[in-house]
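Listed below are the residues making up each chain.
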Amino acid sequence: MTACIDTCRTGKPQISRDSNKSHDDDESGFRYMNYYRVSRPPPSSFNQTKTLHTTRPLIEDSEIDHLWAKIREEAKSDIEREPIVSGYYQASIVSQRSLEAALANTLSVKLSNLNLPSNTLFDLFIGVLEENPEIIESVKQDLLAVKERDPACISYVHCFLHFKGFLACQAHRIAHELWTQDRKILALLIQNRVSEAFAVDFHPGAKIGTGILLDHATAIVIGETAVVGNNVSILHNVTLGGTGKQCGDRHPKIGDGVLIGAGTCILGNITIGEGAKIGAGSVVLKDVPPRTTAVGNPARLLGGKDNPKKHDKIPGLTMDQTSHISEWSDYVI
């Protein structure tokens, strides 16, 4: 998965030394300025974003519960191995009070610019995250999905800080919550900054499930009325778009466990069934039945329309992108 390297866009120092700290505490004294505020307890109830499907989590609850501790442990280990990252890791992970604060911090730095200060974004992001604990549960499921499915991911902290597909997805979750609250100006602002910073363009109205892997992520576009289920894996340069300028429900509905290969266009208000696989470079304009493979331009079902071949495994989890080739084509080298 492509890494997104953090840069300072404000032209001002993003970290400062606490003058009350001793020399021995210099490294741990690094902190982001104006990034903290009094924590608020979560409300007793909250609105949950509905997705196309729900599935049982594939990861043990204990692993999810200890994920933040694991990220901090990995960060400290990385600091020992590469002291040059000490200030960055201290400010981004070790000094943060919670997963919510660390995520709000990372996103606010990466999405800030000269006219949109990081501390302003931090206040907005942490407010949404603390008031909507279901978003953090989705964040955890996405982290686990990336670590499990992407062999390029060497650790949770690596994903959390550097994988732009993961970060773009979490920024979308915040934007979507703002969209549902009719705070559309802010939601669209976040969409714009994510598009500029990460080259990923999700309309804030789109509904995204949990356990999502956006592999490499560059040039992924998802339209306003699209719905993406749980445990879906999407590679780079994928479009879930409309077919024209009509309004209303006009974008694809992606079922649970779907794998969408690189360079694919899925257009219109069509349904990609649970556990389906879409081959790289395909253009899909019609419904795809569950657990089938569609490939080509225009896409056709492997095995034919009348008796398509079905697979038993969930491609969104296995990430198997080539097993259909021998039956679809006589391609050889």
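Residues numbered from 1 in each chain as written. Predicted model: local features only at pLDDT ≥ 70, side-chain atom pairs only at ≥ 80, totals over all residues. Heavy atoms only, no water.

Quick word on the overall build of the chain
How we decide: Each helix corresponds to a stretch of at least 4 residues labelled H or I by DSSP, and each strand to a stretch of at least 2 residues labelled E; elements are numbered beginning at the N terminus. Any pair of residues with heavy atoms lying within 4.5 Å of one another is described as a contacting pair. All accessibility values rest on the Shrake-Rupley procedure with a 1.4 Å probe; residue burial counts only the protein chains present in the view.
Regarding its fold elements, the chain presents 11 helices and 17 strands. Restricting the contact set of the chain to residue pairs at least 6 apart, pairs at least 24 apart contribute 54%. Of the roughly 15,900 Å² that the chain leaves accessible, carbon and sulfur atoms contribute 52%.

What to know about the sheet that holds strand β13 (residues 271-272)
Short version of the rule: Only strands joined by at least two bridges in the DSSP assignment are considered to pair.
Pairing in this open sheet of four strands is parallel, and the strands run β4-β7-β10-β13 from one edge to the other. Edge positions in the open sheet fall to β4 (207-208) and β13, since each of these has one partner strand only.

Describing the packing of aromatic side chains
In this description, an aromatic ring pair is defined by two values, namely the gap between the centres and the angle between the planes. Our working definition: Side-chain rings of Phe, Tyr and Trp (the six-membered ring for Trp) are treated as a pair once their centres are within 6.5 Å; stacked means planes under 30 degrees apart, edge-to-face means over 60, and tilted covers the remaining angles. We call a charge positioned above a ring when the Lys NZ or Arg CZ atom is no farther than 6 Å from the ring centre and deviates by at most 35 degrees from the ring normal.
Scanning the model with the defined rule gives two aromatic pairs in all. Seen from their ring centres, Y88 and Y89 are 5.8 Å apart, and the 80 degrees between their planes marks the pair as edge-to-face. Ring centres 6.1 Å apart and planes at 45 degrees place the aromatic pair F160 and F166 in the tilted group. In this structure, K147 packs its charged tip against the face of Y156, placed 5.8 Å from the ring centre. Between the NZ or CZ atom of K184 and the centre of the ring of W179, over which it lies, the distance is 4.6 Å.

A few points about the sheet that holds strand β15 (residues 283-284)
Taken in spatial order, the five strands make up an open sheet running β3-β6-β9-β12-β15, and their pairing is parallel. The open sheet has two free edges, formed respectively by β3 (201-202) and β15, since each of these has just one partner strand.

Things to note about the pattern of salt bridges
Close approach of charged atoms allows side chains of opposite charge to pair. We apply this condition: In the sections that follow, a salt bridge refers to a side-chain nitrogen of Lys or Arg positioned within 4 Å of a carboxyl oxygen of Asp or Glu.
As enumerated under the stated definition, the model contains eight salt bridges in all. Across the salt bridge formed by R250 and E224, the nearest N and O atoms sit 2.9 Å from each other. In this pair, R250 sits in the loop between β9 (239-241) and β10 (253-254) while E224 sits in the loop between β6 (221-222) and β7 (227-228), placing the two residues 26 residues apart along the sequence.

A look at unusual backbone geometry
Of the consecutive residues N297 and P298, the connecting peptide bond is found in the cis state with omega at 0 degrees. For P298, the location among the structural elements is in the loop between β16 (293-295) and β17 (300-301). Positive phi values are uncommon outside glycine, yet N231 reaches one of about 55 degrees. Tracing the chain through its elements places N231 in the loop between β7 and β8 (233-235). Positive phi values are uncommon outside glycine, yet N237 reaches one of about 60 degrees. Locating N237 in the fold gives a position in the loop between β8 and β9.

Looking at the packing of helix α4 (residues 99-111) against helix α5 (residues 118-131)
Selection rule: Interaxial angle, 0 to 180 degrees, is taken between N-to-C directions of lines fitted to C-alpha atoms, where a helix line uses only the stretch in contact. Crossing handedness is defined as follows: a turn of the near helix away from the far one that is anticlockwise and smaller than a right angle gives a left-handed crossing, while the clockwise case is right-handed. In this count, Pro and Cys sit with the nonpolar residues alongside Ala, Val, Leu, Ile, Met, Phe, Trp and Tyr, while Asp, Glu, Lys and Arg are called charged and the others, Gly among them, polar.
Remark: α4 packs on α5, axes separated minimally by 8 Å, with the N-to-C direction vectors making an angle of 145 degrees. Seen along the crossing, α4 lies across α5 with a hand that is right-handed. For the pair formed by α4 and α5, the contact residues are E100, A101, L103, A104, N105, L107, S108, V109 and L111 on the first element and S118, L121, F122, F125, I126 and L129 on the second. Of the residues that constitute the contact of α4 with α5, the class distribution is 11 nonpolar, three polar and one charged.

Remarks on the nonpolar core
Applied cut-off: Think of a nonpolar core as a cluster: buried Ala, Val, Leu, Ile, Met, Phe, Trp, Tyr and Cys residues, connected wherever their side-chain atoms sit within 4.5 Å. The rule is simple: take the accessible area with a 1.4 Å probe, protein chains only, and divide by the maximum for that residue type; under 20% is buried, over 50% is exposed, in between is partly exposed. An automatic or database domain assignment provides the domain bounds reported here.
If you look at the biggest cluster of nonpolar residues, it comprises 82 residues, and the most contacted ones within it are I71, F160 and I272. When residues in this core are grouped by element, the largest group, nine residues, is from helix α8 (residues 164-180). Two domains share this core, each providing at least three of its residues, namely domain 1 (64-199) and domain 2 (206-325). Contact partners of F160, with chain neighbours within four places excluded, come to I71, I93, L99, A102, L103, T106, L143, F166 and L167.

Re α5
Cut-off, in case you're wondering: In this scheme, a helix's expected span is set at 1.5 Å multiplied by one less than its residue total.
For α5, built from 14 residues, the straight-helix expectation of 20 Å at 1.5 Å per residue is met to within 8% by its first-to-last C-alpha distance of 20 Å. When you tally the buried positions in α5, you get 10 out of 14 residues, the bulk of the element. Listed in full, the buried residues belonging to α5 are S118, L121, F122, L124, F125, I126, G127, V128, L129 and E130. The inward-facing, buried residues of α5 abut α4, α6 (133-149), α8 and α9 (184-198).

Quick look at the confidence of the model for the chain
Condition: Within a predicted model, pLDDT stands for the predictor's per-residue confidence, ranging from 0 to 100.
Of all residues in the chain, 78% have pLDDT values of 70 or greater, and the mean over the chain is 84. When the criterion is pLDDT under 50, residues 1-59 qualifies, and its contacts beyond four places in sequence or with other chains add up to 128 contacts.

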